[in-house]
Amino acid sequence: MSNNDIIGFWGETPEKYANLEVENRKTILFPAIIDILKIRQGAKLLDYGGGDGGFLDLVNVKCEKYLYDPSNGMIDFAKANRKTINRFYTEDSKLPLLYFNVISLIHVVTVIKENEELNRIFKKIWQLLLDDGTFIIGMTHPAFKNNFFSTFHTDFSTQKLKFDYLNSHLPYFVHLDTENSKEHISFECYHRPISIVLNMIISCGFMITKVIEVPDKDFKNQDKEFLFPPFLIIECKKQII
Ligand SMILES: C[S@@+](CC[C@H](N)C(=O)[O-])C[C@H]1O[C@@H](n2cnc3c(N)ncnc32)[C@H](O)[C@@H]1O
């Protein structure tokens, strides 16, 4: 899948994605991020790759909310349905530089295929963030292979597992569903080693100030007695020399 194909895929599904019955984004990950951020009234908050605007809509502090997503379909959906969002962008070159108190990047790292594009995104976010601002990343936990969580499962089975772990990415599928789901969404993601992501964040000018593994709902895998954290959150500040 090329970068344009990936953006195109998300543009086709905004309604289904936003209204999916299976909603671990809204019930687990988004609240965990909001809890960490402690957003102040009047803060300027940008959700980069924010899709249907579900995260910004959940923030109930009076602040300025900006949504950027390269998919026109997602932005059109958000404009029609997310009345708490102040401004919408489909091009990140139009966003004001050195402007935002908080920038979030949620469930975007794993949909990006090429390291060059991820590197470009981190550098862009550095330019957009105020010097004392906070950059927060939320993503599917990268440490587990095929696994079942309360509202989604990951599937590496169609891929050959011979792969250069430290230098490459491995495609896999994410299926948003539960055993009883009437609807589901499946899409390709790209697994890369966590050291690549963390070192890239640092080389793009950030320091990592918090790493949190978010626990799942009370859910047991069919044949295992322990619970895996489905999500990883990374909080960063700018390195200012
Ligand atoms: C899994 S959705 C996540 C949406 C939202 N952040 C959330 O947590 O619900 C992935 C989003 O990444 C966006 N995306 C894809 N490629 C991107 C890129 N190169 N830069 C920024 N966003 C991108 C897609 O358009 C899509 O809205």
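Just so it is clear, the structure is predicted and the values come from calculations on it, not from any experiment. (Residues numbered from 1 in each chain as written. Predicted model: local features only at pLDDT ≥ 70, side-chain atom pairs only at ≥ 80, totals over all residues.)

1. Observations concerning the overall build of the protein
Item 1. Summing up its helical and strand segments, the protein has 7 helices and 11 strands in all.
Item 2. Its C-alpha atoms give the protein a radius of gyration of 17 Å, near enough to 18 Å, the size a compact globule of 241 residues would have.
Item 3. Projected onto its principal axes, the C-alpha positions of the protein cover 50 × 40 × 35 Å.
Item 4. Expressed as a percentage of the 241 residues in the protein, the buried residues total 33%. (Helix = DSSP H or I, 4+ residues; strand = E, 2+ residues; numbered from the N terminus. Rg over C-alpha atoms; globule rule 2.2 N^0.38 Å. Buried ≥ 20, exposed ≤ 12 C-beta atoms within 10 Å, placed from the backbone.)

2. Some words on the packing of helix α6 (residues 115-128) against helix α7 (residues 194-203)
Item 1. At a minimum axis separation of 9 Å, α6 and α7 run at an interaxial angle of 40°. Classed by the angle they form, the pair α6 and α7 counts as oblique. The interaxial crossing formed by α6 with α7 has right-handed handedness. For the pair α6 and α7, contact is made by Asn-115, Leu-118, Asn-119 and Phe-122 and by Ile-196, Met-200 and Ile-201, respectively.
Item 2. Looking at side-chain class alone, the contact of α6 with α7 contains 5 nonpolar, 2 polar and no charged residues. (Axes fitted to C-alpha atoms, helices over the stretch in contact; angles between N-to-C directions. Parallel < 35°, antiparallel > 145°, perpendicular 65-115°, else oblique. Left-handed = near helix turned anticlockwise from the far one by under 90°. Contact = placed C-beta atoms within 7 Å. Nonpolar A, V, L, I, M, F, W, Y, C, P; charged D, E, K, R; others polar.)

3. Let's talk about the sheet that holds strand β6 (residues 147-148)
Item 1. Strand order in the open sheet formed by 4 strands is β6-β7-β8-β9, with antiparallel pairing between adjacent strands. The sheet is open, and its two edges are formed by β6 and β9 (185-191), each paired on a single side.
Item 2. Note: β6 against strand β7 (residues 152-155), 2 bridges, orientation antiparallel. Its bridge partner lying in β7, Asn-147 is registered against Thr-154. (Pairing = 2+ DSSP bridges.)

4. Examining the site of the ligand
Item 1. Around the ligand, a shell composed of 21 residues is seen, among which Trp-10, Gly-49, Gly-51, Ser-71 and Ile-106 lie nearest.
Item 2. When residues of the shell around the ligand are traced back to their parent elements, those giving at least two are α1 (3-12), α4 (54-58) and α6.
Item 3. Ranked by the residues each element gives to the shell around the ligand, the list is headed by α1, at 4 residues.
Item 4. Grouping the amino acids of the shell around the ligand by side-chain chemistry returns 11 nonpolar, 7 polar and 3 charged. (Near = placed C-beta within 6 Å.)

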